[in-house]
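# Understanding the architecture of this molecule
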Amino acid sequence: MSKILYSKIIPPKGFVAINLFGLIVVRKGFMLTKTSLNHEKIHTRQMIEMLFLLFYLWYVIEYLIRLIQYKGAFLEAYRNISFEREAYAMQNDLQYIKRRKTWAWRFFL
Ligand SMILES: [Zn+2]
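Residues numbered from 1 in each chain as written. Predicted model: local features only at pLDDT ≥ 70, side-chain atom pairs only at ≥ 80, totals over all residues.

### Looking at the sheet that holds strand β2 (residues 17-20)
Our working rule: The pairing criterion for strands is at least two bridges between them, as found by DSSP. A run of DSSP states H or I qualifies as a helix once it reaches four residues; a run of E qualifies as a strand once it reaches two. Both are numbered from the N-terminal end. Axis geometry follows a simple rule: fit a line to the C-alpha atoms, using only the stretch in contact for helices, then measure angles between N-to-C directions, giving values from 0 to 180 degrees.
Strand order in the open sheet formed by three strands is β1-β3-β2, with mixed pairing between adjacent strands. The open sheet terminates on both sides in strands that have one partner only, identified here as β1 (3-7) and β2. Averaged over neighbouring strand pairs, the angle between their axes works out to 25 degrees when direction is ignored. One ladder, built from four bridges, connects β2 with strand β3 (residues 23-27); its direction is antiparallel. Bridging across to β3, L20 finds its partner in L23.

Rendered as structure tokens:
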């Protein structure tokens, strides 16, 4: 079971949920769909296998690289971080977590 917390300020406007070290924070007034919850669960798996800190480090570095690649288009840069590519590509498959291989995000690099 994933722990879900509701907040007025986290995540910033325009986002519905953020995963902080496996704790899913949802913006007040929003509901997580099964798909969004699955998206966040995929992130939790990615975090665990990268011992959390390495996940965030890689996330930020890849984001900066994608920002350059996509010429400052921040939303496009974010969507193309390999962790996000995996989560967005597989979020509709609610059984994915069960058969997902360790470090599967690397196939989305
Ligand atoms: Zn995500």
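More follows now that the structure is in view.
### Quick look at the environment of R100
Within the secondary structure, R100 sits in the segment after α5 (96-99). C-alpha separation for the pair R100 and N80, spaced 20 residues apart in sequence, amounts to 20 Å.

### Side note on the environment of N80
Selection criterion: Residue pairs qualify as contacts under a 7 Å threshold applied to their C-beta atoms, which are placed from the backbone.
Mapped onto the elements, N80 comes out in the loop between α3 (74-79) and α4 (82-90). Distance in space between the C-alpha atoms of N80 and T44 is 18 Å, their sequence separation being 36 residues. Contact partners of N80, with chain neighbours within four places excluded, come to R66, Y70 and R85.

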